[in-house]
Structure formats: structure tokens, C-alpha cells
Amino acid sequence: MIQVQDVVKEYHTGKTVVQALRGVSLSIDSGEFLSIAGPSGSGKSTLLNLLGCIDTLTSGTIRFQGKDLGSLSSDEASAFRREKIGFVFQSFNLIPVLSAYENVALPLELLHWDSKRIRTAVLSILAEVGLEGLEKRKPAELSGGQQQRVAIARALVKNPAVVLADEPTANLDSKTGEEILHLMRSLNERHGTVFVFSTHDPMVMEYARRLVYLHDGCIVQDERKG
């Protein structure tokens with residue numbers, strides 16, 4: 001599904017050049033449940049941002065379902081991101097003034113789905129993540145775990161090819177974090193959606209079926225757990 005080949009990402013700060021990624025190559029297949037792990041500064045969030053068309057690479061190629069992401073214009077990258085990629089963030093990134101239903105519906109409205117189709121999809125995914133009956137609650141009226149479930153529903157509602165999750169358990173206690181990981185793995189198994197995590201949480205690494213470990217911008221370990 002995704003082919004990363006010899007990817008380099010450099011950041012320039014004055015006269016200083018920082019290499020966040022140094023020739024990373026990686027293949028991600030359909031149905032994977034993959035954790036990109038490593039210490040702070042290892043390049044894991046940079047790689048996630050490149051996969052999500054949030055940032056642009058310095059050199060190398062990333063092909064996503066055959067499409068060369070490096071060749072996309074800014075508008076094309078935004079359109080591709082809206083259609084193909086779901087995001088889950090450590091800080092949930094929900095809109096405070098919108099209800100759970102409205103937060104999940106928003107990406108479908110951006111894709112210009114009709115209201116009936118949106119309602120069917122939103123109610124279905126909210127029920128699947130265990131939030132049936134809480135559709136009208138705003139983020140402040142939900143627990144941290146419930147907010148992350150809304151974020152997961154929002155990521156999955158458009159049936160994306162891949163969900164990118166950046167430190168999804170960082171703001172959750174260990175019990176709630178494990179519940180969220182179990183939920184995401186169940187959704188991966190039911191829908192076949194690819195999940196790619198950026199994390200330094202050992203629990204996330206344990207749940208992953210494949211662990212890619214980065215250090216100083218290079219892959220130093222790629223372990224499949226079966």
C-alpha cells in the first residue's frame with residue numbers, strides 16, 4: 001500500500017542543517033498494525049507527517065497506493081489527505097464547541113457527502129467505538145478516553161486507507177490507554193484499515209503486530225510479530 005524509498009528530511013535553522021530522516025526505506029502492506037517507535041528526536045513524528053502529507057520530503061520517494069506524494073501540489077496533497085488518511089492525535093484535537101456527532105461528521109462535510117449518508121455513517125461508527133447515546137455531548141462533557149474514541153471515530157468514518165496515530169495514549173492513564181489500543185486493534189481486524197502509530201509507549205509497542213524502531217533518523221530494527 002505504501003512504499004517509502006530512501007527518504008531524507010532536512011530542516012534548516014539559520015546555517016544549521018538538521019537531518020531528521022537519513023535515507024529511510026519502508027514498505028507498509030494492507031491490514032498492518034504498525035508502531036514506529038524511538039526516543040525523542042529519532043524522526044518518528046517526522047515520518048508520520050510525511051506519510052500524512054502534512055510535510056514534504058527533502059529527497060527520496062513515498063508512493064501511496066501507487067501515487068507519488070512528492071509530486072502533489074499543496075491543493076492535491078490536501079485533497080488526498082482528506083480522502084485517504086485519518087488522523088488520531090495525543091491531544092484529541094476535537095473542536096470544543098461541536099458535539100461528538102458534529103466532530104465526527106466534519107470530515108464528511110468537507111468531502112461533500114449528503115446529510116442522510118453522513119448521519120448513517122456517523123451514528124454507525126460512534127456505536128462501533130462504544131459511544132452510542134453520547135452523540136450530543138461536547139468534548140468537555142466526555143472523559144479523556146471517550147474523547148479519544150470520538151477522535152478514532154472521526155478518523156475512521158470516511159473509511160480511509162490508513163489511520164496515522166501520533167502518541168494516541170500519551171494523555172490517557174494506563175487502563176484507558178489499553179482500552180483504546182484494544183479498540184483500535186479490533187477495528188483494524190474488522191475493517192482491514194492500516195494503523196500506523198508514532199510512539200515511545202511500551203504498551204503501544206506491545207500491541208503492535210510490527211515494530212519499526214528509529215534512532216537518529218535511521219531504521220535500526222524492523223520486527224514482525226506475526
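Just so it is clear, the structure is predicted and the values come from calculations on it, not from any experiment.

Student: I'd like a description of the layout of surface pockets, backed by residues and values.
Tutor: The volume enclosed by the largest pocket comes to roughly 360 Å³. Taken together, 17 residues make up the lining of the largest pocket; nearest its centre are F87, P107, L110, R154 and K158. Considering only residue class, the lining of the largest pocket consists of nine nonpolar, four polar and four charged. Of the voids in this model, the second largest pocket is the one considered here, and its volume is about 210 Å³. What lines the second largest pocket is a set of 15 residues, and nearest its centre among them are D55, T56, L69, G70 and A77. The dominant element in the lining of the second largest pocket, judged by the number of residues it contributes, is helix α2 (residues 74-84), at four residues. Of the residues contributing to the lining of the second largest pocket, the split by class is eight nonpolar, five polar and two charged.

Student: How would you summarise the packing of aromatic side chains if you had to cite specific residues and measurements?
Tutor: Overall, the coordinates contain five aromatic pairs when judged by the stated rule. With a centroid separation of 6.2 Å and an interplanar angle of 20 degrees, the aromatic rings of F195 and F197 are classed as stacked. For the pair shown, F195 and F197 are each scored as buried. Connected via pairs of aromatic rings, a cluster forms that spans F33, F195 and F197.

Student: Give a detailed account of unusual backbone geometry, specifying residues and quantitative values.
Tutor: With a phi close to 70 degrees, F92 is a non-glycine residue in the positive phi region. Looking at where F92 falls in the secondary structure, it is placed in the loop between β6 (85-89) and α3 (100-110). The phi dihedral of D216 falls on the positive side, at around 50 degrees, and the residue is not glycine.

Student: Before we move on, could you go through the pattern of salt bridges and cite the residues and values that matter?
Tutor: With the rule as written, the count across this model stands at eight salt bridges. Among the ionic pairs, K9 bridges to D55, the shortest N-O distance being 3.3 Å. Of this pair, K9 sits in strand β1 (residues 2-13) while D55 sits in the loop between α1 (44-51) and β4 (59-64), placing them 46 residues apart in sequence. For K9, a relative accessible area of 8% puts it in the buried group. Of the charged contacts in the structure, one is a salt bridge between R210 and E32, with a shortest N-O distance of 2.8 Å. A residue pair is termed long-range when its members are at least 10 positions apart, and R210 in strand β9 (residues 210-215) and E32 in the loop between β2 (16-28) and β3 (33-37) qualify at 178 residues.

Student: So what's going on with the packing of α3 against helix α4 (residues 115-128)? Which residues, and what values?
Tutor: It is the contact of α3 with α4, at a shortest axis distance of 10 Å, that shows an interaxial angle of 130 degrees. When the axis of α3 is compared with that of α4, the two are oblique. The two elements α3 and α4 meet at a crossing, and its hand is right-handed. Within the contact between the two elements, α3 uses Y101, V104, A105, L108 and E109 and α4 uses I118, R119, A121, V122, L123, I125 and L126. Looking at the contact of α3 with α4, its residues break down into 10 nonpolar, no polar and two charged.

The rules we used
Residues numbered from 1 in each chain as written. Predicted model: local features only at pLDDT ≥ 70, side-chain atom pairs only at ≥ 80, totals over all residues. Heavy atoms only, no water. 1 Å grid on protein atoms, 1.4 Å probe; cavity = no way out; pocket = protein on both sides within 12 Å on 5 of 7 lines; lining within 4 Å. Points joined across faces, edges and corners; volume = space filled by probe spheres on them. Nonpolar A, V, L, I, M, F, W, Y, C, P; charged D, E, K, R; others polar. Helix = DSSP H or I, 4+ residues; strand = E, 2+ residues; numbered from the N terminus. Phe/Tyr/Trp six-rings, centres within 6.5 Å; stacked < 30°, edge-to-face > 60°. Buried < 20%, exposed > 50% of the residue type's maximum accessible area, 1.4 Å probe, protein only. Salt bridge = Lys/Arg side-chain N within 4 Å of Asp/Glu carboxyl O. Axes fitted to C-alpha atoms, helices over the stretch in contact; angles between N-to-C directions. Parallel < 35°, antiparallel > 145°, perpendicular 65-115°, else oblique. Left-handed = near helix turned anticlockwise from the far one by under 90°. Contact = heavy atoms within 4.5 Å.

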